[in-house]
2 protein chains.
Amino acid sequence: MNVFWSRGYHATALPDLLRATKLSRGSLYAAFGDKHSLFLRALDRYIADALTRMDDELDPRRDPVDGLRAYLAGYVERACGANGRRGCLLVATAMELAGADAEVGRRFASFFKTMEARVADAFSRAETVGRLADGVEPSSAARILICFLWGLRVVAKTAPARTTSQATADALLARFIK
Amino acid sequence: MNVFWSRGYHATALPDLLRATKLSRGSLYAAFGDKHSLFLRALDRYIADALTRMDDELDPRRDPVDGLRAYLAGYVERACGANGRRGCLLVATAMELAGADAEVGRRFASFFKTMEARVADAFSRAETVGRLADGVEPSSAARILICFLWGLRVVAKTAPARTTSQATADALLARFIK
DNA sequence: CGATATATAGACCAATTGGTCCATATATTG
DNA sequence: CAATATATGGACCAATTGGTCTATATATCG
């Protein structure tokens with residue numbers, strides 16, 4: 001997963017994969033079929049990790065505002081300095097392959113949909129406990145937040161300071177929460 | 001430019017370039033040096049186009065709120081349906097190459113900086129004419145908006161409906177403007 | 001221990017990669 | 001028209017691509 005993450009699909013050649021997996025060509029092909037399948041496997045793991053994190057941070061039993069704050073903080077952490085420069089496997093893959101590769105497109109669209117649902121749910125719960133600012137609609141706020149977060153991971157390529165990103169994220173959330 | 005835009009750097013092979021430029025190998029190498037230089041040329045043109053559009057939409061002589069609205073509308077247009085699916089050469093390049101390719105990294109960082117400055121300026125002007133909502137700081141709002149816009153172009157890979165994207169963009173701007 | 005299954009290393013392959021080079025057209029100019 | 005400069009096509013190249021295959025080592029198990 002890591003090598004695809006660092007370099008992207010096309011830029012990752014078989015020798016890179018062999019080094020990373022410590023497998024020989026034969027074993028790698030026996031175990032995974034081909035480069036594309038292996039990539040899909042890596043992508044699925046990346047997505048699974050992201051979902052796990054989301055389940056934890058946006059857990060319905062938690063305070064929704066705290067949850068959103070934690071969720072944002074995670075993105076900020078991953079979108080600054082060296083972490084940021086490394087980028088996001090999902091965003092990179094979406095831009096590189098989602099158009100031409102149906103398998104990848106499906107995965108991206110599906111992840112995006114569940115992400116939107118979870119965040120919208122968190123905003124909904126915030127609304128029921130009266131923490132939403134006036135005139136804010138949960139589903140709309142969720143879509144905004146998600147675009148913002150994907151964008152953070154693009155901007156991250158310039159390796160911004162954590163403080164800046166954190167302040168920006170705080171400022172956005174402050175527009176939605178009271 | 002178009003072929004790099006549609007397929008990305010690594011996925012674009014020489015034959016694609018020859019077909020697109022209608023040049024032969026010899027002529028292409030005589031004219032541009034190598035694939036990388038040609039790509040940089042294409043990227044520069046893409047950036048120049050983006051800057052021109054920005055200069056127009058965020059023109060200081062224009063009403064700043066109208067300008068921001070037009071600026072957003074442009075992104076929405078480019079981030080829905082088939083346009084969206086095609087993606088954004090800058091975002092794709094940033095994710096694919098900005099980390100490993102210094103030339104590209106510089107261009108991306110520089111474009112990002114001027115984009116931030118222009119948008120911040122627009123918000124500033126909105127503030128001086130009393131159109132900024134309470135508690136909104138221009139530079140912070142600019143950073144938020146920019147992340148949102150980059151994110152739009154990522155989400156665009158799922159080819160969302162124009163109405164949805166437009167509504168989302170409107171909702172965000174509504175949080176900043178009064 | 002001996003037989004059998006499994007995993008490994010790496011030689012090998014065709015196709016494609018980005019890039020060079022030159023013989024021939026095509027202008028340009030005196 | 002002749003001489004020279006320039007542009008063009010495409011043959012050609014080494015290196016690399018993703019992928020196969022087999023001889024050998026290593027387990028596994030009766």
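What you are looking at is a predicted structure, and each value in this text was computed from that prediction instead of being measured. (Residues numbered from 1 in each chain as written. Chains lettered and ligands numbered in written order. Predicted model: local features only at pLDDT ≥ 70, side-chain atom pairs only at ≥ 80, totals over all residues.)

Draft legend 1. Spotlight on the protein's contact with DNA strand C. Of all residues adjacent to DNA strand C, which total 13 residues, the nearest are Ser24 and Gly26 of chain A together with Ala13, Gly26 and Lys35 of chain B. For the surface near DNA strand C, the secondary structure elements donating two or more residues are α3 (25–32) of chain A together with α2 (14–21) and α3 (25–32) of chain B. For the surface near DNA strand C, the leading source of residues is α3 of chain A, giving 4 residues. The residue inventory of the surface near DNA strand C, partitioned by class, reads 5 nonpolar, 4 polar and 4 charged. (Near = placed C-beta within 6 Å. Helix = DSSP H or I, 4+ residues; strand = E, 2+ residues; numbered from the N terminus. Nonpolar A, V, L, I, M, F, W, Y, C, P; charged D, E, K, R; others polar.)

Draft legend 2. Quick peek at the packing of helix α4 (residues 35–57) of chain B against helix α8 (residues 102–128) of chain B. Residues and elements named next belong to chain B. Remark: α4 packs on α8, axes separated minimally by 11 Å, with the N-to-C direction vectors making an angle of 0 degrees. When the interaxial angle is binned, α4 and α8 end up roughly parallel. The segment α4 lies against α8, with Leu40, Leu43, Ile47 and Met54 engaging Glu103, Val104, Arg107, Phe111, Met115 and Arg118. Its residues assigned to classes, the contact of α4 with α8 comprises 7 nonpolar, no polar and 3 charged. (Axes fitted to C-alpha atoms, helices over the stretch in contact; angles between N-to-C directions. Parallel < 35°, antiparallel > 145°, perpendicular 65-115°, else oblique. Contact = placed C-beta atoms within 7 Å.)

Draft legend 3. Examining the packing of helix α5 (residues 64–78) of chain B against α8 of chain B more closely. All names here are of chain B. Running from N to C, α5 and α8 cross one another at 145 degrees; their axes reach a closest spacing of 8 Å. Where α5 crosses over α8, the handedness of that crossing is left-handed. When α5 is examined against α8, the residues Pro64, Val65, Gly67 and Leu68 are found in contact with a partner set consisting of Ala122, Arg125 and Ala126. (Left-handed = near helix turned anticlockwise from the far one by under 90°.)

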